[in-house]
Amino acid sequence: MLYKIAKQPEFKPVKMFSIDRVFRNETLDATHLAEFHQIEGVVADRNITLGHLIGLLHTFFKRLGIEKLKFKPAYNPYTEPSMEIFSYHPGLKKWVEIGNSGIFRPEMLLPMGLPEDVNVIAWGVSLERPTMIMCGINNIRELIGPKVNLGMVQDFPICRVNKAQC
């Protein structure tokens, strides 16, 4: 997708988002699934910084009702600087990793043909772990499979469409 942006006659800032299904070789426990949903985002623009990325993530989670965030430096092969994103889970009484983020390294962007003064911030955020925090769920496995409490789905929707908007 960044390659297509680079091939435009003139660079225009862009924001792209997706929700994907992710598979990892994980041991199942209260906060880990082998298969989960990930919200991914990319913003390409001139003069954007790590501060913009942190601000964007704070705004995103604040709109979900999650305000206790911590950022920890991390290593990712495609981004530098990189950060893990944590939020406090009151029920588990601990900080839980909810995502990863960073600024794409120039050596990733230049071969695509993006201008040298363009930065790309990116993140990948779990859907299930923030849902656990928002809904007071202490075991991630309560969000999948035949034992899902459908009443919880009705009581704690992440987003609602107002019928008047349809």
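Parameters and conventions
Residues numbered from 1 in each chain as written. Predicted model: local features only at pLDDT ≥ 70, side-chain atom pairs only at ≥ 80, totals over all residues. Heavy atoms only, no water. Helix = DSSP H or I, 4+ residues; strand = E, 2+ residues; numbered from the N terminus. Buried < 20%, exposed > 50% of the residue type's maximum accessible area, 1.4 Å probe, protein only. Contact = heavy atoms within 4.5 Å. Polar contact = N/O pair within 3.5 Å; in protein donor to acceptor, adjacent residues only side chain to side chain. 1 Å grid on protein atoms, 1.4 Å probe; cavity = no way out; pocket = protein on both sides within 12 Å on 5 of 7 lines; lining within 4 Å. Points joined across faces, edges and corners; volume = space filled by probe spheres on them. Nonpolar A, V, L, I, M, F, W, Y, C, P; charged D, E, K, R; others polar.

On to the environment of S82. With respect to the helices and strands, S82 occurs in strand β4 (residues 79-89). A relative accessible area of 5% places S82 in the buried class. A C-alpha to C-alpha distance of 8.4 Å links S82 and K72, two positions 10 residues apart in sequence. Look past the residues within four positions of S82 in its chain and what remains in contact with it is K72, P73, A74, Y75, N76, S101 and G102. Among the polar contacts made by the side chain of S82, one reaches the side chain of T79 at a distance of 2.5 Å.

Moving on to the layout of surface pockets. A volume near 660 Å³ is recorded for the largest pocket. What lines the largest pocket is a set of 32 residues, among which R24, Q38, N100, G124 and V125 lie closest to the centre. The dominant element in the lining of the largest pocket, judged by the number of residues it contributes, is strand β5 (residues 94-104), at seven residues. Of the residues belonging to the lining of the largest pocket, the class tally is 14 nonpolar, 13 polar and five charged.

The next thing to look at is the side chain of S87. Along the polypeptide, S87 turns up in strand β4. On the accessibility criterion, S87 (1% relative accessible area) is buried. A distance of 3.0 Å separates the side chain of S87 from the backbone oxygen of K68, its partner in a polar contact. Excluding residues within four positions of it along the chain, S87 makes contact with I66, K68, L69, K94, W95, V96, I98 and I133.

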